[in-house]
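Fold and geometry: a report
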Amino acid sequence: PAGDVLNRNMMITLNDTGKFLWERLQEETNVQTLVDALLAEYDVDRPRAEQSVEAFVEKLKNNGLLCE
């Protein structure tokens, strides 16, 4: 039935960091590589970069936009 179909029409707005990470996810990568890329691109310390990447990846997974 049409009512049972999950509507996946949505818009996601990304900040600069999210856009940067999303672009890197277009290639085969892992969390550590994303953290290293973030460190190379932005003036951020490793703990904050790790936290940002992990939060971003978790949000994508929770919304069905990223498989494990």
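Residues numbered from 1 in each chain as written. Predicted model: local features only at pLDDT ≥ 70, side-chain atom pairs only at ≥ 80, totals over all residues. Heavy atoms only, no water.

1. Thoughts on the nonpolar core
Within the largest apolar cluster, twelve residues are counted, these being Phe20, Leu21, Leu25, Leu34, Val35, Ala37, Leu38, Ala49, Val53, Phe56, Val57 and Leu60. Contributions of two or more residues to this core are made by helix 1 (16-24), helix 2 (31-41) and helix 3 (46-62). With five residues, helix 3 is the largest single contributor of residues to this core. Filtering out sequence-adjacent residues up to four positions away, Val57 remains in contact with Leu34 and Leu66. (Core = buried A, V, L, I, M, F, W, Y, C linked by side-chain atoms within 4.5 Å. Buried < 20%, exposed > 50% of the residue type's maximum accessible area, 1.4 Å probe, protein only. Helix = DSSP H or I, 4+ residues; strand = E, 2+ residues; numbered from the N terminus. Contact = heavy atoms within 4.5 Å.)

2. Remarks on the packing of aromatic side chains
In this description, a pair of aromatic rings is defined by centroid distance and the angle of the planes. Following the criterion strictly, the structure yields one aromatic pair and no others. Summarising the aromatic geometry, the rings of Phe20 and Tyr42 are spaced 5.5 Å apart at their centres and angled 90° between planes, so their arrangement reads as edge-to-face. In this pair, Phe20 is assigned in helix 1 and Tyr42 in the loop between helix 2 and helix 3, connecting sequence segments 22 residues apart. Accessibility expressed as a relative area gives 8% for Phe20, which makes it buried. Assessed through its relative accessible area of 29%, Tyr42 is described here as partly exposed. Note that Arg24 overlies the ring of Phe20, its terminal NZ or CZ placed 3.7 Å from the centroid. (Phe/Tyr/Trp six-rings, centres within 6.5 Å; stacked < 30°, edge-to-face > 60°. Lys NZ or Arg CZ within 6 Å of the ring centre and 35° of its normal.)

Keep in mind these values describe shape, not function.
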